[in-house]
Amino acid sequence: DLLRHLYYLMITCTETSSREEDAFFEYLGRNLIWMTNLPRVSVIILNWNGAGETISCAESVLQALINGRALMQSHELLIVDNGSDDDVELLRAWCNSDDRSHTQLVSNPENLGFAGGMNAGIRRALEGGADFLWLLNNDLLVDGASISNLIKFSRLNATAAIVGATILDPIS
């Protein structure tokens, strides 16, 4: 959206008043950081014996990452398997398929609980240079605009240390 606005404003700049030009440059100045300092985003999904749900969740996350890619320098999806009994090979095959180059499987040898499992993913993401982390359980689907909205909100509220999404129940 920002680039589309910039293009439109640059095309029409010769037909505008100096007040409109000033507004354009003010807008550009406020938003330039978005274009030059884009975050590296890591989404972490925790799995334990729920490969089917995890894959459904991961597919919705990948779509949201694609939709929000203009607001990110880079992105990755980390699926943390928390010592599952039989799901690991299905998840590994899904993560290693051709169109999932930004997806990694982190395998814990045992169930470390929610905090321990997420900490393994967080460590991996931070080692990779992530600026923003989004921690998810595997039993949800994310909206296609969710990551874009979270990034925009966090950029407009730079003093916020934590930003969270709203959970909606599509049945009710």
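Above this note sits the structure.
It should be emphasised that the depicted structure is a prediction, and the values quoted were computed from it without experimental measurement.

Caption draft 1: Structural view of the environment of Gly-121. In this fold, Gly-121 is placed in helix H5 (residues 113-127). Placed 12 residues apart in sequence, Gly-121 and Leu-133 show a C-alpha to C-alpha distance of 9.7 Å. What Gly-121 contacts, discounting residues up to four positions off in sequence, is Ile-44, Leu-78 and Val-80.

Caption draft 2: Just the nonpolar core, in detail. If you look at the biggest cluster of nonpolar residues, it comprises 26 residues, and the most contacted ones within it are Val-43, Val-61, Leu-77, Ile-79, Trp-94, Leu-136 and Ile-147. Elements that contribute at least two residues to this core include exactly strand E1 (40-47), helix H3 (51-67), strand E2 (74-82), helix H4 (88-95), strand E4 (132-137) and helix H6 (146-156). Top element by residues in this core is H3. It accounts for 8 residues.

Caption draft 3: Expanded view of the pairing of E2. The buried count for E2 comes to 8 of 9 residues, which makes it a mostly enclosed element. Bridge analysis of E1 against E2 gives 8 bridges, and the strand direction is parallel. If you follow Ile-44 over to E2, its bridge partner there is Leu-78. In terms of handedness, the path from E1 via H3 over to E2 forms a crossover that is right-handed.

Rules of the game
- Residues numbered from 1 in each chain as written.
- Predicted model: local features only at pLDDT ≥ 70, side-chain atom pairs only at ≥ 80, totals over all residues.
- Heavy atoms only, no water.
- Helix = DSSP H or I, 4+ residues; strand = E, 2+ residues; numbered from the N terminus.
- Contact = heavy atoms within 4.5 Å.
- Core = buried A, V, L, I, M, F, W, Y, C linked by side-chain atoms within 4.5 Å.
- Buried < 20%, exposed > 50% of the residue type's maximum accessible area, 1.4 Å probe, protein only.
- Pairing = 2+ DSSP bridges.
- Right-handed = clockwise from strand over helix to strand, strands pointing away.

Any link to function would need more than the numbers given here.
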